[in-house]
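Inside the fold
The lines below spell out each chain.
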Amino acid sequence: MLLLIAATAAVLFTWGIDQSIYHVFYASAVRSMTDNPVAFFYGSFDPGNSITLDKLPGFMWPQAVSAMLFGFHGWSLVLPQGIEGIGCVLLLHLLVRRWAGVVPGLLAAAFLTLTPVTVGLGRSIVEDAPFVLLLLLAAEATQRAVERARLRTLLLAAVWVGVAFQCKMVEAWAVLPALGVTYLVASPTTLRRRLGHVALAGVVTLTVSLSWIAVAAVTPAQDRPYIDGTTNNSALSMVVGYNFLNRFGTVGVDAAKTGSISAVQGSAQTAAHTSHPAMGNSVLKMFSPGLASQTGWLYPLAALGLVWGLAVAWRRRAARTDRVFAGYLMWGVWLATFFTAFSFGSVTGHTYYMGVVAVALCALSGAGLARCWQACRSGGRRAWVLPAVTLVNVSWSALLTLDYPRFLPWLAPTAIALCVLALAALGAARRPSVPHRPRIVAAGLVVGLLSILLVPAAWSASALSPRYNTIGSMGRVGPTSRVERGSARLTSSQRQMLTYLEAHRGGAKYLAAVPSWNDAAAYILSANASILPMGGFTGQVPFPTLGQFRHLIGSGELHYVIIRGSELVASRWAQSPTAPVLRWVQSHCAVVTDVRHSGAASQALYHCGVGSAST
């Protein structure tokens, strides 16, 4: 059965992988990272190592390795996430099987496989697939450490959390309450040793987490790329300010003094990446169709699993070191921590953040449903719980589909019909005189499971259609997914521009400078061209300054600047840190008329070297 679940996951995560698009921002960085070791380590956006991504690069290292092994293709960038997704399914099965038994383990793995957000992660290039896998590895090590109070194994869990930090930064630390509380409560040793072990694990977590930041901090600025997302070229500012404190701006947190630029400022490209359904910032956000349709189909079942499991442990006075109690503690704190963090922290509409919530929901749902099945088969006074939770969960799923009435409109009625059949079968089986009672109960259990899984499974399966999921994009599946385009092809005018620049490079480090990363991406993706992007991802990063830019011109490292029309300078870039540079270029550099006459009139090429109008 586990092989069947894994095979299903493999199909859902990798079907159509040969049609993968390039997410132009991340794919450009991967292309650059395959060019040289400096770009690989720092996650340089461009092969000239001028500026980094606006995130830590750890999640892209597997993609860069894959591109180096198999060549730079859309599918080679998606492949690592598909493998990591399958790893998540198998690892969750192992964790839940050890904790709650074989059947809950299989159910949890199946639930995770058929949860839309998981499928989306396996088909994307975003950072959450490796992030979730690393946190599950940390949970697995913690689970083993708790059994015999093994410090070495707990330190391994700390290492995994530190590595996860390289993918999602401070978000990785949100798992620490779950792992730390579980070890402190359930480890079979004295309180003093438990506290000491957790303290040592904390030191290891901090050391591994901050290792990349430390290297960037001690490396002279001229020997590494500029750190995107900051005004002070600080990796710490990028991690703490830009990617953490900025997420809580709506609840009064101000990151302005950290050296971070505002995460919501920026160019039209930034707006395009955040144009998902508005979700607000409260607990209700987690129940909104935009998030719940990707993650929350099993909310009722998971809630039942957690409450019932803790109630049983309380009623039987479970020992502090009880394995089952420890499991409920870990998954309960895990779910509560991430649920709260995402409720009040901005995720800019990106549903892929919810992958780490999905694993806890699936673990608790698997344990809860298995307990319901056991109660139903025994025919005891709690046999009613299974029909009740089935009815509630199917009703919740049907309610979520109401926001998307044109997407597979047969789903909700079919799920409700299956639910009715399951309830009828389970109700009939309660009569003492009914023949073949075990078979009827088994049929009721199977049909009930189908009624619970039908809607999320159909949503997940829709990812196999290009209409409802773009493989290689941002991970959302279903009717609200955005069909994205990503291409490594240059337009004819861009090809002419590239040919001219290569012929007239004159030993310069950069072929040209451009006002934004989006202008540079096509050249990097197509030809791995050394183009200098100005302003970072948001366009608000003060790099290069006018002084730095003039130094590049004077040293011969840069001769040309491409501006897509003078009106862009007057409007889009007028208030950006790049504006002084562009105004200087227009005032002091000469337009290259040969390229304009060749058909690239929309792209004005300026020469800022010897023989230009510069002064």
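Above: the structure in question.
What comes next is a walk through the structure. The numbers attached to residues start from 1 for each chain and follow its sequence in the written order. Residue-level local features of this predicted model are given only where pLDDT is at least 70; pairs of side-chain atoms are given and counted only at 80 or more, and the full residue set underlies all totals for whole chains, interfaces and linings. Only hydrogens and water are set aside when side-chain values are computed; all heavy atoms of the structure are taken into account.

Looking at helix H17 (residues 323-344)
Along an α-helix, residues three or four positions apart point the same way, because every turn accommodates 3.6 residues. Keep this limit in mind: For helices the rule is a DSSP run of H or I covering at least 4 residues; for strands it is a run of E covering at least 2, with both sets numbered from the N terminus onward. Every helix has an expected span of 1.5 Å times one less than the residues it contains. Polar contacts, as counted here, are pairs of nitrogen or oxygen atoms within 3.5 Å of one another; within protein the pair requires one atom able to donate a hydrogen and one able to accept it, and residues that are adjacent in sequence qualify only if both atoms are side-chain atoms.
Here H17 contains 22 residues, and its C-alpha end-to-end distance of 32 Å stays within 8% of the 32 Å for a straight helix at 1.5 Å per residue. For H17, the N-terminal capping position is held by Asp-322, with its side-chain oxygen 3.2 Å away from the main-chain nitrogen of Val-324.

Some remarks on the layout of surface pockets
For clarity, the cut-off: Every definition here rests on a 1 Å grid over the protein atoms only: cavities are sets of points where a 1.4 Å probe fits but cannot get out, pockets are open sets enclosed by protein on both sides within 12 Å along at least five of seven lines, and lining residues have some atom within 4 Å of a point. Grid points are joined across faces, edges and corners, and a volume is the space filled by probe spheres set on the points. Under the scheme applied, nonpolar residues are Ala, Val, Leu, Ile, Met, Phe, Trp, Tyr, Cys and Pro; charged residues are Asp, Glu, Lys and Arg; polar residues are all the others, including Gly.
By volume, the second largest pocket is sized at about 440 Å³. Around the second largest pocket, the lining is made up of 17 residues, and of these Ala-221, Gln-222, Arg-224, Lys-509 and Phe-543 lie nearest the centre. Looking at the lining of the second largest pocket, the element that brings in the most residues is helix H24 (residues 546-555), giving three residues. Taken together, the residues of the lining of the second largest pocket sort by class into seven nonpolar, six polar and four charged.

What about empty space enclosed by the protein?
Under the counting rule described, the total for this entry stands at five cavities of 30 Å³ or more. As a volume, the largest cavity reaches approximately 80 Å³. What lines the largest cavity is simply Gln-81, Gly-85, Cys-88, Leu-112, Thr-118, Leu-121, Gly-122, Asp-128, Ala-129, Val-132, Gly-355 and Val-359. Contributions of two or more residues to the lining of the largest cavity are made by helix H5 (74-100), helix H7 (116-122), helix H8 (128-148) and helix H18 (355-378). Classifying every residue of the lining of the largest cavity by side-chain character gives six nonpolar, five polar and one charged.

Quick word on the state of the cysteines
Rules: Here, a disulfide means two cysteine sulfur atoms that sit within 2.5 Å of each other. Burial status follows relative accessibility: with a 1.4 Å probe on protein chains alone, a residue under 20% of its type maximum counts as buried, one over 50% as exposed, and anything between as partly exposed.
Summed over the entire model, instances satisfying the criterion amount to one disulfide. Covalent S-S linkage joins Cys-589 and Cys-608, the inter-sulfur distance amounting to 2.0 Å. Because the torsion about its S-S bond is 110 degrees, the bridge between Cys-589 and Cys-608 counts as right-handed. With Cys-589 in the loop between helix H26 (579-588) and strand S4 (590-591) and Cys-608 in the segment after strand S5 (604-607), the pair connects residues that are 19 residues apart, well separated along the chain. With relative accessibility at 6%, the residue Cys-589 sits in the buried group. Free cysteine: Cys-372, not disulfide-bonded; nearest cysteine sulfur from Cys-376 at 8.8 Å.

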